[in-house]
Amino acid sequence: MNYSLRDLENPFEIEALERVQHNAFGYADRDITPGSLLTVHSHMGGIVVAAYPTDSLEPVGFAYGFPGRYNDTWVHHSHMLAIDPAHRQSGLASALKHRQRTRAIALGYTRMTWTFDPLIARNGRFNLGKLGARAVAYREDWYALRGGIYAGLPADRFLIEWDLTADGQPHPAPAPHGQIALEASGNRAGIPSLELSGNAVLIEVPRDIESLKARDLEAARTWRDAHRIVFPAYLERGYAVTDLCVDGSRTFYLLES
């Protein structure tokens, strides 16, 4: 399927993006970012980019961000990337992100930030391996969300930095290489090792956290609990999460100093 991407400012067009959020995330009404806020930001330095099938006027995805201040530098903070489930695995997420990048550069930004859930390995692959961004901080309970796709686990997040001046190229997922700071024990997280000092450190993440949650929520919680310990321990020492490594059915975040 082919898509067209458009920058939106019209409030009636933007209002339709609320339905995309419902479809993408299963949010309750209270958790939807209202179209009125997106409209204000689209006129006041923010970016709202929507995707449409070429034969339709109904949006099926969008990217949204606004000006932010991080580490004493003005950045474009990408608050939301939402894709209707029927249109995932289509390349649309990458197209929206790169359109947002082009718009941010035109506005004078050299950095973009956003967040994603470290337990969703496919998002790690997209953000780190395909876009070339890196995670620089771990935030517990970034959103007070407990419903929809966030039911059962606190909504922890990586904070991502994307250097808009770099010409990052997508690459295949590398094999794991480095010292292991956390790995699985059965379907649960093992005991973290917090004192490693090599240039490359590996932290395992379940390949499919959604399936694990559905069959064993307590096991899924052990991963959240372990990640809350191990990621801050290394990120606060100057490591950054730079890639997602794959070894058969196992996946590891790569941290580099």
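Residues numbered from 1 in each chain as written. Predicted model: local features only at pLDDT ≥ 70, side-chain atom pairs only at ≥ 80, totals over all residues. Heavy atoms only, no water.

Caption draft 1: Quick look at the overall build of the chain. Within the chain one finds seven helices and 13 strands. Here the C-alpha radius of gyration of the chain, 18 Å, is about what a compact globule of 257 residues would show, namely 18 Å. Overall size of the chain, expressed as C-alpha extent along the three principal axes, is 50 × 40 × 35 Å. Evaluated residue by residue, the chain yields a buried proportion of 47% over its 257 residues. Counting contacts in the chain only where the partners sit at least 6 residues apart, residues at least 24 apart contribute 67% of the total. Seen as two clouds, the 26 positive and the 30 negative side-chain charges of the chain have centres 1 Å apart. (Helix = DSSP H or I, 4+ residues; strand = E, 2+ residues; numbered from the N terminus. Rg over C-alpha atoms; globule rule 2.2 N^0.38 Å. Buried < 20%, exposed > 50% of the residue type's maximum accessible area, 1.4 Å probe, protein only. Contact = heavy atoms within 4.5 Å. Lys, Arg positive; Asp, Glu negative; His and termini not counted. Charge placed at Lys NZ, Arg CZ, Asp CG, Glu CD.)

Caption draft 2: Seen up close, the packing of aromatic side chains. Applying the stated criterion across every chain yields a total of 11 aromatic pairs. Judged by centre distance (5.5 Å) and plane angle (90 degrees), the ring pair of Trp114 and Trp162 falls under edge-to-face. With a gap of 48 residues between them, Trp114 in strand S5 (residues 111–116) and Trp162 in strand S7 (residues 155–163) connect regions that are remote in the sequence. Residue classification places Trp162 among the buried positions, given a relative accessible area of 3%. Taking the centre distance of 5.4 Å and the plane angle of 85 degrees together, the rings of Phe158 and Tyr253 count as edge-to-face. (Phe/Tyr/Trp six-rings, centres within 6.5 Å; stacked < 30°, edge-to-face > 60°.)

Remember, this is a structural readout, not a statement about activity or role.
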